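Listed here are the chains, written in short residue letters.
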Amino acid sequence: MQLFSEQPKSARRKPGRPKGSKAKVMQEARALGVHHFAFVRSSLLGLDLADSFDRYMAWAETTTDLRFVQNQRDALLKQIIEAGRALDATLPTSSKITQLLDLLRSDAKVKPAVELPSLEDWAQAEGMDPDMWSEADLLDEYKAHFGLDNADAQEAGAGHKDVVGDRVRALNYLETVLSVIPAATDRLESWFAKPVVKVMRNVGIVTLGDLVRFINVYGYRWHSQIKGFGVLRAKQVLQWLILEQDHLNLVISGTANEPKSKQELRVAALVPVTGSLGGSQGLAQFGPGSMAAGSLARMQASPSLAGEQGEFRSHMANTLGAKNDLEAVDMWLSRYAEKPSTQRSYRKEVERFLLWCAQELRKPLSSVTAPDVQKYRAFLQAVPATWMQKVPLKRTDPAWRAFRTQPSSASQKQALVILQTLYGGLVDAGYLVANPFRSVMKSFDLPATKMDIKRSFTEAEWAHVLGCLDAMPTGSENLRLKCILELLVTSGIRLEELANARHKDLRLESLPDLPETWILTVVGKRNKTREVPLNPDVVRLLGLHGGDFLEEDLASENQAELPLIRTLHASVAQWGRGQGGELVVGAKSESAGTPLSSAGIYAVLKRFFRQAAKTAEAVGLDARRFEKASTHWMRHTFVRQALVDGVPIEVASELAGHASIDTTSIYSTQELARKIKAVQGMKRRVATQG
């Protein structure tokens, strides 16, 4: 089956200067800094001008052309002299620095340092036979030749001062009185240009100290946390801070200069490999090397926390083959290996509970009682600050904590339901004899499960979405975005279902009295398979999107596995180890056209909706709704509009893959309420009773 016909490749963006490369970073009107004096001093000493510029100044410029470098040196020298002249005008006669300024203004050439030859080399160059001269006579001639012992010559030489040295000393003094030293308490506007200050204030950065602390928290990709701040400007700011960090008395973390993934690999290579704590292998699902896995391993190695003698252990053979609590939980989690998102969600809640049992209860999971469950419920309602870290950190980071924020009521309910499911699974497997959650869950005042169908687009909002889409430049990104938006809003499929969709899942169906229709087969929740008819316009867009990769697809050995939604570029670089153990950087995929993951699709839509929010208020819409919009809004929009357009509720339920028609009826009730309000608001046209 071949869905896509050959299409001309969409116009791709031509490479060019990165956005923001011409933007100024530093405050142009700012007084001279020590790096300016260092650059000029290097040139006075005759050091290589290009090397000096690269060391002290290149971070703030986009070119290193030698003529530009020379002009920069001359301009800085002139600026220093003018600043000195302004200062000189304010000084008393006894403290004037006019002589120093005259030295800098002079046109004295830089004299290269002269190194005298050795006595032997000089004698040979002069043709003096060593056998004909005594060493004392040779030395006398050598001194006389170079004037080393001539008092008159020395006195005359005293009048010829070291011009280079004097100019450098003059510059050094001017540096002490003219240069401004940055301090951690300085406000950003004292040093940086207005555009830089504006975007940094939006994330709460006010002073240079704030900036260094922000960089240390977020590390290598710190600039990605600041909207409207690009890689180039971030690099320039960081290099300036590194030059000035001694003056700021603040240390910039090493994570700012390299990705944490690379740093971890490099540091790990210096640490000898040791055996796992406790010698158990029950850590596979918790991420070996993570902070959680380390804590759980120590728990497993402790006889009082491992659970081998837990109060509710069955002490009989169990179907999990587990000898302690962690092994049992690990095996239970492994059952969800084919559902990665579910497994991650379950692992997170189980991990939190196990850590709480060890740190707060001081008892193993297999000894937890119903009163303990009530304590955990109270813990979730007010998680201590010591259990949280507000910034995103890898699980291997020493600062990692089990919680990011205080969980909402719905999140608390989800955690308790997952733990009840865990205990139920351990009881069913014969590992435990009781489930402490079962007896108390009904007593908790938990929020009712409900679907917020207000998270969907109205007709006016969807019109704005389409308008923003049409305003985008034509090309591969615009085409892929159209495919994603229209496929989701016309089919109601879930995010994961779209990410997993392949060519093999499509077939062309011909039924009596109906036009030929493409059918997409998807596997949803609970492994439920359903068939979704696709709109002809959506199929056409998918064909155009796939046409960008036609040559590569024709060469593919397995065309059935080709994805419907593709990546447009090679993936970002990933750090790893080469065959010889060295650190190497590579990409997850070397070329475009690979499946776009669910996280990638989500990110594409979130980025687009944030752009749509910027112009929403101009057309009378609520920008906050667009900022909150996500892929699931498309699914809600599909079901609501299907019912509005007269699609039978049972058909809408099947298309959406709802477990029950009761779920779909929530949308129907909302639409009925809208109809009732509309009728009640109509003008009365009935006769009044006599």
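The structure under discussion appears in the preceding block.
Just so we're clear, the structure is a prediction, and the values are computed from it rather than from any experiment. (Residues numbered from 1 in each chain as written. Predicted model: local features only at pLDDT ≥ 70, side-chain atom pairs only at ≥ 80, totals over all residues. Heavy atoms only, no water.)

K.L.:
Give me the lowdown on the overall build of the chain, citing residues and values where you can.
P.N.:
A tally of helices and strands in the chain yields 28 helices and five strands. In the chain, which comprises 690 residues, the proportion classed as buried is 40%. Within the chain, counting contacts between residues at least 6 apart in sequence, those at least 24 apart form 63% of the total. (Helix = DSSP H or I, 4+ residues; strand = E, 2+ residues; numbered from the N terminus. Buried < 20%, exposed > 50% of the residue type's maximum accessible area, 1.4 Å probe, protein only. Contact = heavy atoms within 4.5 Å.)

K.L.:
I'd like a description of the sheet that holds strand 3 (residues 529-533), backed by residues and values.
P.N.:
The antiparallel open sheet is built from three strands, whose spatial order is 1-2-3. Each of the sheet's edge strands pairs with one partner strand only, and the pair in question is strand 1 (506-509) and strand 3. Across the sheet, the mean angle separating the axes of adjacent strands is 30° when strand polarity is ignored. (Pairing = 2+ DSSP bridges. Axes fitted to C-alpha atoms, helices over the stretch in contact; angles between N-to-C directions.)

K.L.:
How would you sum up the pattern of salt bridges? Please name residues and give values.
P.N.:
Proximity of charged atoms lets side chains of opposite charge pair with each other. Inspection of every chain in the model, using the stated rule, returns 14 salt bridges. Put simply, R41 and E175 hold a salt bridge, and the shortest N to O gap is 2.9 Å. In this pair, R41 sits in helix 1 (residues 34-44) while E175 sits in helix 8 (residues 163-178), placing the two residues 134 residues apart along the sequence. There is no split in this pair, since R41 and E175 are both buried. The salt bridge partner of D372 is K363, with a shortest N-O separation of 2.9 Å. (Salt bridge = Lys/Arg side-chain N within 4 Å of Asp/Glu carboxyl O.)

K.L.:
Describe helix 9 (residues 194-201), listing the residues and the values that go with them.
P.N.:
Looking at helix 9, one finds that the buried residues are V196, V197, V199 and M200. In the core, the buried residues of helix 9 are packed alongside helix 10 (208-218) and helix 11 (231-248).

K.L.:
Give a detailed account of the packing of aromatic side chains, specifying residues and quantitative values.
P.N.:
Under the defined criterion, the tally for this structure stands at 23 aromatic pairs. Between the aromatic rings of F192 and W240, the centroid separation amounts to 5.4 Å while the plane-to-plane angle is 75°, which identifies the pairing as edge-to-face. A residue pair is termed long-range when its members are at least 10 positions apart, and F192 in the loop between helix 8 and helix 9 and W240 in helix 11 qualify at 48 residues. The class of W240 is buried, set by a relative accessible area of 0%. Centroid distance F353 to Y423: 6.2 Å. Interplanar angle 80°. Geometry classified as edge-to-face. With F353 in helix 16 (residues 340-361) and Y423 in helix 18 (residues 409-428), the pair connects residues that are 70 residues apart, well separated along the chain. Using a relative accessible area of 0% as the deciding quantity, one classes F353 as buried. Among the aromatic residues, ring-to-ring pairing joins F353, W356, Y376, F379, W387, F403, Y423 and F437 into one connected group. Lying over the aromatic face of F403, R352 brings its terminal NZ or CZ to 3.9 Å of the ring centre. (Phe/Tyr/Trp six-rings, centres within 6.5 Å; stacked < 30°, edge-to-face > 60°. Lys NZ or Arg CZ within 6 Å of the ring centre and 35° of its normal.)

K.L.:
Tell me about the pairing of strand 3, residues and numbers included.
P.N.:
What you see with strand 3 is a clean split: R530 and V532 sit on the buried side and T529, E531 and P533 on the side with no burial. Where strand 2 (residues 517-523) lies against strand 3, five bridges are found, and the strand directions are antiparallel. Looking across to strand 3, one finds that I519 is bridged to P533. If you look at the hairpin formed by strand 2 and strand 3, you'll find five residues sitting between the two strands, and R526 has a positive phi there, around 55°.

K.L.:
I'd like a description of the nonpolar core, backed by residues and values.
P.N.:
Judged by nonpolar contacts, the single largest core of 49 residues is most densely connected at F353, L354, L365 and L426. For L365, the contacting residues outside a window of four places in its chain are D325, V329, F353, L354, L422, Y423, L426 and L432. L469, V538, A616 and M634 belong to the second largest nonpolar core, which has 44 residues in total. (Core = buried A, V, L, I, M, F, W, Y, C linked by side-chain atoms within 4.5 Å.)

K.L.:
How would you summarise the environment of V489 if you had to cite specific residues and measurements?
P.N.:
You can see V489 is positioned in helix 20 (residues 476-491). Given the relative accessible area of 16%, V489 is considered buried. In this structure, the C-alpha to C-alpha distance between V489 and H632, residues 143 residues apart in sequence, is 9.8 Å. In this view, V489 contacts W462, M634, T637 and F638; residues no more than four positions away in its chain are not counted.

K.L.:
Please provide a residue-by-residue account of the side chain of E497, values included.
P.N.:
Position of E497 among the secondary structure elements: in helix 21 (residues 495-499). Separated by 2.8 Å, the side chains of E497 and R530 make a polar contact. (Polar contact = N/O pair within 3.5 Å; in protein donor to acceptor, adjacent residues only side chain to side chain.)

K.L.:
Any chance you could break down unusual backbone geometry for me, citing the residues and the numbers?
P.N.:
Even without a glycine there, the phi angle at R362 is positive, about 60°. Mapped onto the fold, R362 is located in the loop between helix 16 and helix 17 (370-381). By relative accessible area, which is 63% here, R362 ends up exposed. For D513, which is not glycine, the phi torsion reads 65° and is therefore positive. Residue position: D513 is located in the loop between strand 1 and strand 2. By relative accessible area, D513 is classed as exposed at 83%.

K.L.:
Residues and numbers for helix 18, please.
P.N.:
Between its terminal C-alpha atoms helix 18 stretches 29 Å, which fits the 28 Å expected from 20 residues at 1.5 Å a residue. Within helix 18, the full set of buried residues consists of Q412, A415, L416, I418, L419, L422, Y423, G424, G425 and L426. (Expected span 1.5 Å × (residues − 1).)

K.L.:
Could you give an account of the environment of A234, naming the residues involved and the relevant values?
P.N.:
Tracing the backbone shows A234 in helix 11. For A234 and R221, which are 13 residues apart along the polypeptide, the C-alpha to C-alpha distance reads 9.3 Å. Not counting residues within four places of it along the chain, the set of residues in contact with A234 comprises W222, H223 and F229.

K.L.:
Give a detailed account of the packing of helix 20 against helix 26 (residues 631-644), specifying residues and quantitative values.
P.N.:
It is the contact of helix 20 with helix 26, at a shortest axis distance of 7 Å, that shows an interaxial angle of 40°. Taken together, the axes of helix 20 and helix 26 are oblique relative to one another. Here helix 20 runs over helix 26; the crossing is right-handed. Residues L485, L488, V489, T490 and S491 of helix 20 form the contact with helix 26, whose participating residues are M634, T637 and F638. Partitioning the contact of helix 20 with helix 26 into residue classes produces five nonpolar, three polar and no charged. (Parallel < 35°, antiparallel > 145°, perpendicular 65-115°, else oblique. Left-handed = near helix turned anticlockwise from the far one by under 90°. Nonpolar A, V, L, I, M, F, W, Y, C, P; charged D, E, K, R; others polar.)

What is shown is where atoms sit, not what they do.
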